[in-house]
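# Structural characterization, general
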Amino acid sequence: MTEFQQQDGISSSSSSSSSKNVIIMEEWNGSSSSKLSKTAVLTLTPSSFSLQRSGNRFSEVSTRIVGAFVPEGFPTSVTPDYVPFQIWDSLQGLSTYIRMMLSTQWFLRDFTGMLGGILFTFYQGSNLDNNAKMWRLVADLMNDLGMLTDLVSPLFPSAFVVIVCLGSISRSFTGVASGATRAALTQHFSLQNNAADISAKEGSQETLATMTGMILGMLLARVTMGHPVAIWFSFLSLTLFHMYANYRAVCCLSLTTLNCQRSSILLQSFMETGKVLSPEKVSSMEHILPSWTSLWRSKTDDLLHKRIHLGVRVSSLSHKDMIDLSGSTGSYYKKVKYFLMPKSGVVNVYVHKQSTAADVLQSFIHALVLGNHVNKTKFVHEESRSWMDKHYEGYIAKLKLTGWKTERLLAPPVVWRADWLSNEKIE
């Protein structure tokens, strides 16, 4: 965050006391720093506090809908040939499915599956590579559920269509999640710019495994033919083995990118020992199962990153928050492109509209440090700022030496940003 800058048209040397403490906070929305729209303006004066909203709910919803179909940061995040390629690719796909409808009656099943894939992308598409391990497991679980519905559907003739459609939706989640995580893992495996070769060889390995499975499956089908109990026992046993094999495969991965959870594990260990953990060690400490599978864990076991909210809307700031920001609290963030606000055990991170990927990473690390000091001292801002000044650059350098990639934080995209102005610089 840059310093609280001088507001246009207001002199810092003005003798009027009412003009010495004016702060204007602007809220901006967008998936790219080069494509933002102003949504709100907060103004604080010694005698008043006001919130003026601009834009409308329709534009926010339309932006989210478009975000389900184009990459984050579009169009600056892709090459110029992306749009024409996708247009023609979509047209050929359209003609393919029109021809399919002429030769099949499974319109409702296919339609619900495709709709499910779009909705899944709408809600989670930008988060898949942030937790590639977890989503890889979820993808295979959803595929298993889809296969289970296929096996169950003949048992309920009156609900056959509904069950089949649910299975189609489940498999559509699998397609989206597995495709996105496969791309992230392929980039992880690539050390010599050979991602394409790795992807091709993975396809060959999968084809060989599929062919072998088909042969063994036909033999098993012949053995269990006419024995429903044996069929169900075989299916459920293989499903359990399938999930266990996927869990073991994911546990083998030692990703070197920084997401929220790995950043939390690394920082908490560094603050306690002064040492940076290796990717292999962090991998063994990660929680890779979905959160709903860990409901029995006590709240004290939750990692610190669960209490960090990155990219919060500035329109959520209260009058008291703005007063704190205009006083001593704001002075701690005059050299960086973000500011932090702890509330009820949660640390809210407000990101400047001109912040870079490195700034977002720094803001998250700072929030982790501040969150670690909450309930330990009354001077959380002072303590966290002091730690950042003394240790942050050295900490990042040690991360790089240990093999971690520190270019950016793998986190949900920051779509809410801010800009702030003041009639005088905070000292």
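Residues numbered from 1 in each chain as written. Predicted model: local features only at pLDDT ≥ 70, side-chain atom pairs only at ≥ 80, totals over all residues. Heavy atoms only, no water.

### Some words on the sheet that holds strand E7 (residues 338–343)
Selection criterion: Between any two strands, pairing holds if DSSP finds at least two bridges. For helices the rule is a DSSP run of H or I covering at least 4 residues; for strands it is a run of E covering at least 2, with both sets numbered from the N terminus onward. Inter-axis angles, ranging from 0 to 180 degrees, are taken between N-to-C directions of lines fitted to C-alpha atoms, where helices are fitted over the stretch in contact. Every residue pair with non-hydrogen atoms within 4.5 Å of one another is taken to be in contact.
Taken in spatial order, the three strands of this open sheet run E6-E8-E7, and their pairing is mixed. In this open sheet, the two strands that pair with only one neighbour each are strand E6 (308–310) and E7. Between one strand and the next, the sheet's axes are offset by a mean angle of 20°, whatever the strand orientation. Pairing of E7 with strand E8 (residues 346–351), which is carried by six bridges, proceeds in the antiparallel orientation. Bridging across to E8, Phe 339 finds its partner in Tyr 350. Where helix H12 (residues 357–373) meets the sheet, it contacts E6, E7 and E8, and its direction lies at approximately 30° from that of E7.

### Notes on the nonpolar core
How we decide: We call a set of buried residues a nonpolar core when its members are Ala, Val, Leu, Ile, Met, Phe, Trp, Tyr or Cys and they connect through side-chain atoms within 4.5 Å of each other. Categorising residues by exposure relies on relative accessible area from a 1.4 Å probe, with only protein chains included: less than 20% of the type maximum marks a residue as buried, more than 50% marks it as exposed, and the intermediate range marks it as partly exposed.
In this structure, Leu 266, Ile 365, Tyr 395 and Leu 399 are the most contacted members of the largest nonpolar core, which totals 38 residues. Sorting the residues of this core by element identifies helix H8 (260–273), E7, E8, H12 and helix H13 (380–401) as the ones contributing at least two each. Here the element with the most residues in this core is H12; it accounts for eight residues. Residue contacts for Leu 399: discarding those within four places in its chain leaves Leu 258, Leu 266, Val 276, Trp 404 and Thr 406. Counting residues in each nonpolar core, the second largest holds 14 residues, with Met 25, Leu 317, Met 341 and Ala 418 among its members.

### Considering helix H10 (residues 319–326)
Spelled out, the test is: Throughout, the arc means the angular range of directions from the helix axis out to the C-beta atoms.
Asp 321, Met 322 and Leu 325 are the residues of H10 that are buried. Seen along its axis, H10 keeps its buried residues to an arc of 95°; they face one direction.

### Here's the deal with the state of the cysteines
Linking two cysteines covalently via their sulfur atoms produces the bond known as a disulfide. For clarity, the threshold we go by: In this description, a disulfide is simply a cysteine sulfur pair whose atoms lie within 2.5 Å.
If you walk through the whole model with that rule in mind, you get zero disulfides. Its sulfur unpaired, Cys 251 is 7.1 Å from the next cysteine sulfur, which belongs to Cys 252. Under the relative-accessibility criterion, Cys 251 is labelled partly exposed at 30%. You can call Cys 252 exposed: its relative accessible area is 63%.

### Some thoughts on the pairing of strand E4 (residues 48–53)
Pairing of strand E3 (residues 35–45) with E4, which is carried by six bridges, proceeds in the antiparallel orientation. Within E4, the residue paired with Ala 40 across the bridge is Arg 53. The turn linking E3 back onto E4 is made up of two residues.

### Focus on the packing of aromatic side chains
What counts here: We call Phe, Tyr and Trp rings a pair once their centres come within 6.5 Å, taking the six-membered ring for Trp, and we label the pair stacked below 30 degrees between planes, edge-to-face above 60, and tilted otherwise. A ring has a charge above it when a Lys NZ or an Arg CZ is no more than 6 Å from the ring centre and no more than 35 degrees off the ring normal.
Applying the stated rule across the entire model yields eight aromatic pairs. Residues Phe 339 and Tyr 350 carry aromatic rings whose centres are separated by 4.7 Å and whose planes lie at 10° to one another, so their mutual orientation is stacked. Here Tyr 350 lies in strand E8 and Phe 339 lies in strand E7, a separation of eleven residues in the sequence. Pair check on accessibility: Phe 339 and Tyr 350 agree, each one buried. Measuring from centroid to centroid gives 6.3 Å for Trp 387 and Tyr 395, while their planes differ by 65°, and the two rings are edge-to-face. When sorted by exposure, Trp 387 lands in the same class as Tyr 395, which is buried. One aromatic cluster is present, formed by Phe 120, Trp 135 and Phe 173 through successive ring pairs. Taking the ring centre of Trp 416 as reference, the NZ or CZ of Arg 313 above it sits at 3.8 Å.

### Examining the environment of Gly 345
For Gly 345, the position within the fold is in the loop between E7 and E8. Owing to a relative accessible area of 36%, Gly 345 belongs among the partly exposed residues under this scheme. Along the primary structure Gly 345 and Ile 308 are separated by 37 residues, whereas in three dimensions their C-alpha atoms are 9.2 Å apart.

### Considerations on the packing of H8 against H12
Here is the rule: What sets the label is the angle itself: under 35 degrees gives roughly parallel, over 145 gives roughly antiparallel, 65 to 115 gives roughly perpendicular, and the rest give oblique. By definition, any crossing whose near helix is turned counterclockwise from its far helix by less than a right angle is left-handed, and any crossing with a clockwise turn is right-handed. Charged means Asp, Glu, Lys or Arg here, nonpolar means Ala, Val, Leu, Ile, Met, Phe, Trp, Tyr, Cys or Pro, and polar covers whatever is left, Gly included.
One way to put it is that H8 packs onto H12 with a least axis distance of 10 Å and a crossing angle of 55°. One element, H8, and the other, H12, form an angle in the oblique class. Considering only the axes of H8 and H12, their crossing is right-handed. Residue-level inspection shows Cys 260, Ser 263, Ser 264, Leu 267 and Met 271 of H8 in contact with H12, the latter providing Phe 364, Ile 365, Leu 368, Val 369, Asn 372 and His 373. Of the residues that constitute the contact of H8 with H12, the class distribution is seven nonpolar, four polar and no charged.

### Thoughts on the pattern of salt bridges
Heads up, the condition is: We count a salt bridge whenever a side-chain nitrogen from Lys or Arg sits within 4 Å of a carboxyl oxygen from Asp or Glu.
Evaluation of the coordinates by the stated rule reveals ten salt bridges. The partner of Arg 313 in a salt bridge is Glu 27, and the shortest N-O contact between them spans 3.1 Å. Remark: Glu 27 occurs in strand E2 (residues 23–32) and Arg 313 occurs in the loop between E6 and H10; sequence separation between them is 286 residues. The residue Arg 171 makes a salt bridge to Asp 150 at a minimum N-O spacing of 2.9 Å. On the criterion of sequence distance, the pair formed by Arg 171 in helix H5 (residues 160–189) and Asp 150 in helix H4 (residues 132–152) is long-range, its members being 21 residues apart.

### Topic: the side chain of Ser 355
The condition that has to hold: Identification of polar contacts relies on pairs of N or O atoms within 3.5 Å, with a donor-acceptor requirement for protein atoms, meaning one able to donate a hydrogen and the other able to accept it, and with residues adjacent in sequence counted only if both atoms are side-chain atoms.
The residue Ser 355 is located in the loop between E8 and H12 in this model. Of note is the side chain of Ser 355, whose polar atom sits 2.8 Å from the backbone oxygen of His 352. Looking at Ser 355, its side chain comes within polar contact range of the side chain of Arg 417, at 2.6 Å. Not counting the four nearest positions on each side in its chain, Ser 355 is found in contact with Lys 337, Val 360 and Arg 417.

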